[in-house]
Amino acid sequence: MRWPTFFGICLLAGAITPARMVGADDDYAKEIEGWRTERAQRLTTPDGWLTLVGLYFLETGDNPAGTAADNSIVLTKGPAHLGTVTLGSDGRVKIALTPGSDARVNGRSVLAADLYAGAEIKPAVVSFGTVSFFVIERGGKLALRVKDSEAERRTHFAGLDYFPIDPAWRIEAAWTPFDQPREIQIANILGQVSPALVTGKAVFERDGKKCELLPIEDEPGGPLFFVISDATSGKETYGAARFLYAEPPVDGKVVLDFNRAQNPPCAFTPFATCPLPPKENKLPFAVTAGEKSYRGSHE
């Protein structure tokens, strides 16, 4: 499962733990402003999330692709008949390109190539003009993820809106590792469900409530990744969820900086497959920090 997620449990508690800040508020504000600039730059790169223009799930057997209506995969840009993508019964994916399509596989001009041979091997990239695609796995199914560096969502990016920077939303939580990782089932925005492992929990108090957030590591030793919703969801912020990354725990502590809460890719494009927070992870208070709803189009 590519997208990491978490469960959280919020229980009534008696006290509010104040945020512990490092350095002056002015320095902290500059740090967050810098992060926001980098976030926009990452989002608008030529292969970033704003370039997604298609997601096509493959059927076993031949899947003709191109812009012509007689293809089973009808692309928005490119040759009328690009070629045929074949999903074998063994889960491998190959492509046979139409001569003269001017498409390349991993930068090479070929007529046939393997595209996907399992999650352990990086999938090949097919490119033609400003468009490219590769195979992804979601919920046990294989699909083509299509990108266009000149997608309208990228060329007409509306910018990002945020709540005012508030140091009180930088919270130092206690980290409790589990003796053994726990497997949970995570649903995505398409309704698919995949297993994920929970390695521990971050515990903090806010607005008189004790919260226990249980994140999944994207990779061993990498940042923790949280999927959250709260009382602002569907109002000031994106309805499905927001994402929050945190550095690995140090000395039994993990910093949850909600000023860095960000929209998931599905807030910008309907072709992303974002995980959803389970009901246990819906914070019962308003997190008035981080990224607000995107004012541009995601359709």
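To start, this report covers the structure provided alongside it. All values derive from a computational prediction rather than experimental measurement.

## Points about the sheet that holds strand 11 (residues 141-148)
Pairing within the open sheet is antiparallel, and its 5 strands lie in the order 2-11-10-9-7. Lying at the two open borders of the sheet, with one neighbouring strand each, are strand 2 (52-57) and strand 7 (104-105). One ladder, built from 3 bridges, connects strand 9 (residues 126-128) with strand 10 (residues 131-138); its direction is antiparallel. Bridge pairing in strand 10 links Phe128 to Val131.

## A short note on the packing of aromatic side chains
Taken as a whole and assessed by the stated rule, the structure comprises 9 aromatic pairs. Both rings, one in Trp35 and one in Tyr162, keep their centres 6.3 Å apart while their planes meet at 70 degrees; by these two values the pair is edge-to-face. One end of the pair, Trp35, is in helix 1 (residues 25-43); the other, Tyr162, is in the loop between helix 2 (152-155) and strand 12 (170-187), and 127 residues separate them in sequence. In terms of burial, Trp35 and Tyr162 fall into one category: buried. Cluster of aromatic residues (ring-pair linked, three or more members): Trp169, Phe204, Phe258 and Phe285. Over the ring of Phe178 we find Arg182, and its NZ or CZ is 3.7 Å from the ring centre.

## Considering the pattern of salt bridges
The tally for this structure, following the rule as stated, stands at 12 salt bridges. Where Glu31 meets Arg260, a salt bridge forms, and the shortest distance between an N and an O atom there is 2.6 Å. With Glu31 in helix 1 and Arg260 in the segment after strand 18 (253-257), this pair connects stretches of sequence that are 229 residues apart. Under the relative-accessibility criterion, Arg260 is labelled partly exposed at 22%. The partner of Asp114 in a salt bridge is Lys94, with the nearest N and O atoms 2.6 Å apart. Of this pair, Asp114 sits in strand 8 (residues 112-116) while Lys94 sits in strand 6 (residues 93-97), and the two are 20 residues apart along the sequence. Bridged by salt links that share partners, the residues Glu31, Asp257 and Arg260 form one connected network.

About the cut-offs
Numbers given to residues run from 1 along each chain, matching the order in which its sequence is written. In view of the model being predicted, local features appear only for residues whose pLDDT reaches at least 70, and side-chain atom pairs are presented and counted only at 80 or more, with totals across whole chains, interfaces and linings using the full set of residues. For the side-chain quantities, the full set of heavy atoms in the structure was used; hydrogens and water were omitted. When DSSP finds two or more bridges between a pair of strands, those strands are recorded as paired. The secondary structure listing takes helices from DSSP runs of H or I that are at least 4 residues long and strands from runs of E that are at least 2 residues long, numbered from the N terminus. Ring pairs shown here join Phe, Tyr and Trp side chains whose ring centres sit within 6.5 Å, with only the six-membered ring taken for Trp; geometry is labelled stacked below 30 degrees between planes, edge-to-face above 60, and tilted in between. Burial classes follow relative accessibility: with a 1.4 Å probe on protein chains only, a residue under 20% of its type's maximum area counts as buried, one over 50% as exposed, and anything between as partly exposed. In our convention, an over-ring charge means Lys NZ or Arg CZ found within 6 Å of a ring centre and within 35 degrees of that ring's normal. When a carboxyl oxygen of Asp or Glu is within 4 Å of a side-chain nitrogen of Lys or Arg, the pair counts as a salt bridge.

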